[in-house]
Amino acid sequence: MNNNLKVLYLEDSQQDIELLREMLIADGFELDMDTTESKKEFETFLKLNKYDVILAGFKLPGFDGFRALRWVMEICPDIPFIIISGVIGEEKAIELVRLGAADFILKDRMARLPKALQDAIERKQAEQELRKLSTAVTQSPASLIITDAEGIIEYVNPKFVEVTGYGLNEVIGQKPSILKSGEQPDSYYQTLWTTISSGKTWRGEFHNKKKNGELYWESANISPILDDSGIITQYIAVKEDITERKEAELLLRETEEQLVMAEKIGHTGSWTYYIETDNFWASTEAHRIYGLSLDNDRIPIELIEACIPERKRVHQSLVDLINGVKDYHIEFSINPADGSAPKIINSIAILERDKQGNPLKIHGFIQDITERKQAEEQRISLEAQLHQSQKLE
């Protein structure tokens, strides 16, 4: 305990004040003590100062310890209040403690005071920390469940009630399996119990069911609570509703799958060139067009250039785009990296700049137009043959 002690002492006996001061200083306290016997001054001290402890005699001019205690409980209830008296009876002492006094000390037993001060201050500090913890738990944006060692629910916080729709009286005494949806196998829960019953923390996700039957996703951290002997006495679960995130991830996957399918049907791939790192990102269909492995979607630019016989012309078109000379929209042939047949590519791109106007990325699309070009050549050849046959006629 910190030996610096700021005290307010309500007492009308100057002799008792000095005796108490000497005793506390002798006991090693660095004492800062205000004293008064006035009701008005006592109230002013309470409002203007922050004390570690308040000491008060029981009988004072015009009022007593009960009234002093009421003022303390109204103005600064977190400060320990200790009665020091030589005349207080046991019933009154017990009543004072019931109303909020931390302790009472008889004047013929003042040797108890230093220990009583320490205990009262530490007890108040523990109560304050407990209140903070209680507030944090009740106002937490995460759901909290506390169970006994057998997994029987002992406590849930308000967020749990809000998310699941179950009231306190409906879940206390139940097991968390009341939320099971049947969407996850028994082996999933067996792994959970094996982990936490061995004293470890389990992290994972649940696809659970609310009281109204609605399914929802939540992430969870479940940890054992151990006593001083290392025996598990309880479990605590901290859970967060991640349904919206899961739905967004599903939508993203579906959108990506649709994009991949659309690119495949249209023989069109997308790509991004990162100017600063000189790296090249390509979609699945762009990989296929260039005959590249799907192991990494980030591709060194050298691999792309190696596929392009007219790389100088393509490179100059990109330089022109960066310098604002002209738009990028060209056709060129490639020799795919996997050795498949050459292709003819139609490519279009736009430039992205940063806030300062510096070139940042180039976003583009490539389309395999080999079949279209072959069809055009075949059409031109047939038209030429038809024209030649008409001349011979």
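To keep things clear, this report deals only with the structure shown in the data block. (Residues numbered from 1 in each chain as written. Predicted model: local features only at pLDDT ≥ 70, side-chain atom pairs only at ≥ 80, totals over all residues. Heavy atoms only, no water.)

A few words on the overall build of the protein chain. A tally of regular secondary structure across the protein chain gives 13 helices and 18 strands. In terms of C-alpha radius of gyration, the protein chain reaches 40 Å, well past the compact-globule figure of 21 Å for 393 residues. For the protein chain, the residues scored as buried account for 36% of the 393 residues in total. Of the contacts made within the protein chain by residues no fewer than 6 positions apart, 51% connect residues no fewer than 24 positions apart. In the structure as shown, the protein chain presents an accessible area of about 23400 Å², 51% of it carried by carbon and sulfur atoms. Across the protein chain, the 46 positively charged side chains and the 66 negatively charged ones have centroids separated by 2 Å. (Helix = DSSP H or I, 4+ residues; strand = E, 2+ residues; numbered from the N terminus. Rg over C-alpha atoms; globule rule 2.2 N^0.38 Å. Buried < 20%, exposed > 50% of the residue type's maximum accessible area, 1.4 Å probe, protein only. Contact = heavy atoms within 4.5 Å. Areas by Shrake-Rupley, 256 points an atom, 1.4 Å probe, with all protein chains shown as cover. Lys, Arg positive; Asp, Glu negative; His and termini not counted. Charge placed at Lys NZ, Arg CZ, Asp CG, Glu CD.)

Okay, the packing of aromatic side chains next. For the coordinates displayed, the defined rule picks out 10 aromatic pairs. On the numbers, 6.0 Å between centres and 5° between planes, the contact of Tyr 189 with Phe 206 is stacked. Here the residue Tyr 189 occupies a position in helix 8 (residues 186-197), and Phe 206 occupies one in strand 10 (residues 202-209), the gap between them amounting to 17 residues. A centroid spacing of 5.3 Å and a plane angle of 15° characterise the contact between Trp 271 and Phe 280, whose relative ring orientation is stacked. Its relative accessible area of 6% is what places Trp 271 among the buried residues. Among the residues examined, Phe 280 registers a relative accessible area of 6% and is labelled buried. Ring pairs connect the aromatic residues Tyr 188, Tyr 189, Trp 202 and Phe 206, which therefore count as one cluster. Lying over the aromatic face of Tyr 189, Lys 180 brings its terminal NZ or CZ to 4.4 Å of the ring centre. Positioned above the aromatic ring of Tyr 216, the side-chain terminus of Lys 210 is 5.6 Å from the ring centre. (Phe/Tyr/Trp six-rings, centres within 6.5 Å; stacked < 30°, edge-to-face > 60°. Lys NZ or Arg CZ within 6 Å of the ring centre and 35° of its normal.)

It is worth spelling out unusual backbone geometry at this point. Positive phi outside glycine occurs at Asp 278, with the angle close to 60°. Residue class for Asp 278 comes out partly exposed when judged on its relative accessible area of 31%.

Running from N to C, helix 3 (residues 65-75) and helix 4 (residues 90-99) cross one another at 10°; their axes reach a closest spacing of 11 Å. Relative to helix 4, helix 3 is oriented roughly parallel. Contacts between helix 3 and helix 4 involve Gly 65, Phe 66, Leu 69 and Met 73 on the former and, on the latter, Lys 92, Glu 95, Leu 96 and Leu 99. Classifying every residue of the contact of helix 3 with helix 4 gives five nonpolar, one polar and two charged. (Axes fitted to C-alpha atoms, helices over the stretch in contact; angles between N-to-C directions. Parallel < 35°, antiparallel > 145°, perpendicular 65-115°, else oblique. Nonpolar A, V, L, I, M, F, W, Y, C, P; charged D, E, K, R; others polar.)

What is shown is where atoms sit, not what they do.
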